[in-house]
Amino acid sequence: MVIGQAIVDLGVPPPDAAAVLAERRGEALGHVAGGVGRDGIPFLTAYSGMAEA
């Protein structure tokens, strides 16, 4: 899973990343953004639980 790997690449241990994703398994995924912040630290933002159109 691409998002799971991105979370792990940001330093989150794989079991923790899997747990976060498992909690949201039934939710629709909204916007996803990633990059490097002004502080130089990489980030990933994923909005879940979006209402279906």
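Residues numbered from 1 in each chain as written. Predicted model: local features only at pLDDT ≥ 70, side-chain atom pairs only at ≥ 80, totals over all residues. Heavy atoms only, no water.

Enquirer: Whenever I open this one, the pattern of salt bridges confuses me. Can you help?
Expert: It is possible for side chains bearing opposite charge to pair when their charged atoms get close. Applying the stated criterion across every chain, the model contains one salt bridge. Across the salt bridge formed by Glu23 and Arg24, the nearest N and O atoms sit 3.1 Å from each other. Of the residues examined, Arg24 reaches a relative accessible area of 35% and is grouped as partly exposed. (Salt bridge = Lys/Arg side-chain N within 4 Å of Asp/Glu carboxyl O. Buried < 20%, exposed > 50% of the residue type's maximum accessible area, 1.4 Å probe, protein only.)

Enquirer: It is not clear to me how the packing of helix H1 (residues 2–9) against helix H2 (residues 14–23) should be interpreted in this structure. Could you clarify?
Expert: For any two helices packed against each other, one specifies the inter-axial angle together with the distance between the axes. Taken N-terminus to C-terminus, the directions of H1 and H2 make an angle of 140°; their axes are 9 Å apart at the nearest point. With respect to each other, H1 and H2 are oriented oblique. Pair H1 / H2 crosses with right-handed handedness. Residues Ile3, Gly4, Ile7 and Val8 of H1 form the contact with H2, whose participating residues are Pro14, Ala17 and Leu21. Across the contact of H1 with H2, the residue classes tally to six nonpolar, one polar and no charged. (Axes fitted to C-alpha atoms, helices over the stretch in contact; angles between N-to-C directions. Helix = DSSP H or I, 4+ residues; strand = E, 2+ residues; numbered from the N terminus. Parallel < 35°, antiparallel > 145°, perpendicular 65-115°, else oblique. Left-handed = near helix turned anticlockwise from the far one by under 90°. Contact = heavy atoms within 4.5 Å. Nonpolar A, V, L, I, M, F, W, Y, C, P; charged D, E, K, R; others polar.)

Enquirer: How should the environment of Val12 be read in this particular structure?
Expert: Mapped onto the secondary structure, Val12 falls in the loop between H1 and H2. Take Val12: its relative accessible area is 30%, and that puts it in the partly exposed class. The spacing of Val12 and Phe43 is 31 residues in sequence and 12 Å in space, taken between C-alpha atoms. Every residue in contact with Val12, bar those within four places of it in the chain, is listed here: Ile7 and Ala17.

Enquirer: Would you take a moment to explain the confidence of the model for the protein for this structure?
Expert: One rule of thumb: low pLDDT means the predicted coordinates there are not for detailed reading. When pLDDT is averaged along the protein, the result is 89; 92% of the residues meet or exceed 70. Confidence, read as mean pLDDT per element, is least for strand E1 (residues 29–36) in the protein (90) and greatest for H2 (94). (pLDDT = per-residue confidence, 0-100.)

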